[in-house]
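# Remarks on the overall topology
Below are the chains, spelled out letter by letter.
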Amino acid sequence: MAFLLELHDAGVPWGIITNGTPSQRPKIAASGFGDIMPFMVVSSEVGYEKPDPRIYHDGLKQLGDVLAADTLFMGDNVETDIGGAQSAGMPTAWVRRGRAWPEGNRQPDYQIDHVDELRTVLF
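Residues numbered from 1 in each chain as written. Predicted model: local features only at pLDDT ≥ 70, side-chain atom pairs only at ≥ 80, totals over all residues. Heavy atoms only, no water.

### Regarding the side chain of K50
Put simply, the rule is: Strands are runs of DSSP state E lasting at least two residues, helices are runs of H or I lasting at least four, and both sets are numbered from the N terminus onward. Working rule for contacts: check all heavy atoms of both residues, and any pair within 4.5 Å makes them a contact.
Of note, K50 is situated in the loop between helix 3 (43-46) and helix 4 (53-62). Setting aside residues no more than four positions away along its own chain, K50 makes contact with I17, T18, N19, I55, Y56, F73, T80 and D81.

Have a look at this one:
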């Protein structure tokens, strides 16, 4: 939560792209950072889900039509998060949670255990 507040206070645009239903919205609101979250793209609301590159492009539009190559995508799922974002042309950060990167998959740009590790990447 503290890192997201830092992003918010520094004016760094960010948002959430999630597979699921609108029930994700109250979960995010209850998480404590719903008030500072700029946007959330929910797959069932747009009609396609990760790893479809369109959902990442929807997020890029929400960020202000920023370039995919200039936008870091962070996620914990190798195929839907990292593979999908890579196919959309985005650099990636995989939240490994103690897991080893599976062979045969294109490597992410960063491997982290916690979102706070992105401080050194983004600032």
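From this point, the narrative continues.
### Focus: a nonpolar patch on the surface
Using the following cut-off: The patches reported here contain residues having more than 30% relative accessible area and no salt bridge. Joining distances are 9 Å for like charges and 5 Å for nonpolar side chains (Val, Leu, Ile, Met, Phe, Trp, Tyr). Computed by Shrake-Rupley with a 1.4 Å probe, the accessible areas treat only the displayed protein chains as cover when residues are assessed. Salt bridges, as used here, are contacts in which a Lys or Arg side-chain nitrogen is within 4 Å of a carboxyl oxygen on Asp or Glu.
A cluster of nonpolar side chains, Y110, V121, L122 and F123, forms an exposed patch at the surface whose accessible area comes to about 340 Å². When you line up the elements, V121 lands in helix 6 (residues 119-122).

### Section: the nonpolar core
What counts here: Here, nonpolar core refers to any group of buried Ala, Val, Leu, Ile, Met, Phe, Trp, Tyr and Cys residues whose side-chain atoms link them within 4.5 Å. Each residue's exposure class comes from its accessible area (1.4 Å probe, protein chains only) as a fraction of the maximum for that residue type: buried when under 20%, exposed when over 50%, partly exposed otherwise.
Ranked by size, the top nonpolar core spans 15 residues in total, and within it L4, W14, I16, I28, F33, M37 and M40 carry the most contacts. A total of 3 residues in this core trace back to one element, the largest contributor, which is helix 1 (residues 2-10). In contact with I16, other than residues within four places in its own chain, are I28, F33, M37, F39, M40 and V41. In terms of nonpolar packing, the next biggest core, distinct from the first, is built from 13 residues, V41, L63, A85 and A88 among them.

### A look at the environment of L7
Along the polypeptide, L7 turns up in helix 1. Counting along the chain gives 115 residues from L7 to L122, while the straight-line C-alpha distance between them is 9.0 Å. Ignoring anything within four residues of it in the chain, the contact list for L7 reads V12, W14, L122 and F123.

### So, the pairing of strand 4 (residues 92-95)
Here is the rule: At least two DSSP bridges between two strands are needed for those strands to be called paired. When the strands point away from the viewer, a crossover counts as right-handed if the path from the first strand over the helix to the second runs clockwise.
Neither face of strand 4 is open: one carries T92 and W94, the other A93 and V95, and all of them are buried. As paired strands, strand 3 (residues 73-75) and strand 4 are joined by 3 bridges and run parallel to one another. Within strand 4, the position partnered with F73 by the bridge is T92. As a crossover connection, the stretch from strand 3 through helix 5 (residues 78-87) into strand 4 is right-handed. Pairing between strand 4 and strand 5 (residues 110-112): 3 bridges, direction parallel. Bridging from a neighbouring strand, A93 pairs with Y110 of strand 5.

### Remarks on the environment of A68
Looking at where A68 falls in the secondary structure, it is placed in the loop between helix 4 and strand 3. Of the residues examined, A68 reaches a relative accessible area of 14% and is grouped as buried. Placed 21 residues apart in sequence, A68 and G89 show a C-alpha to C-alpha distance of 5.5 Å. Contacts of A68, omitting those with residues within four sequence positions, involve L60, A88, G89, M90 and P91.

Function cannot be inferred from these measures alone, as they are strictly geometric.
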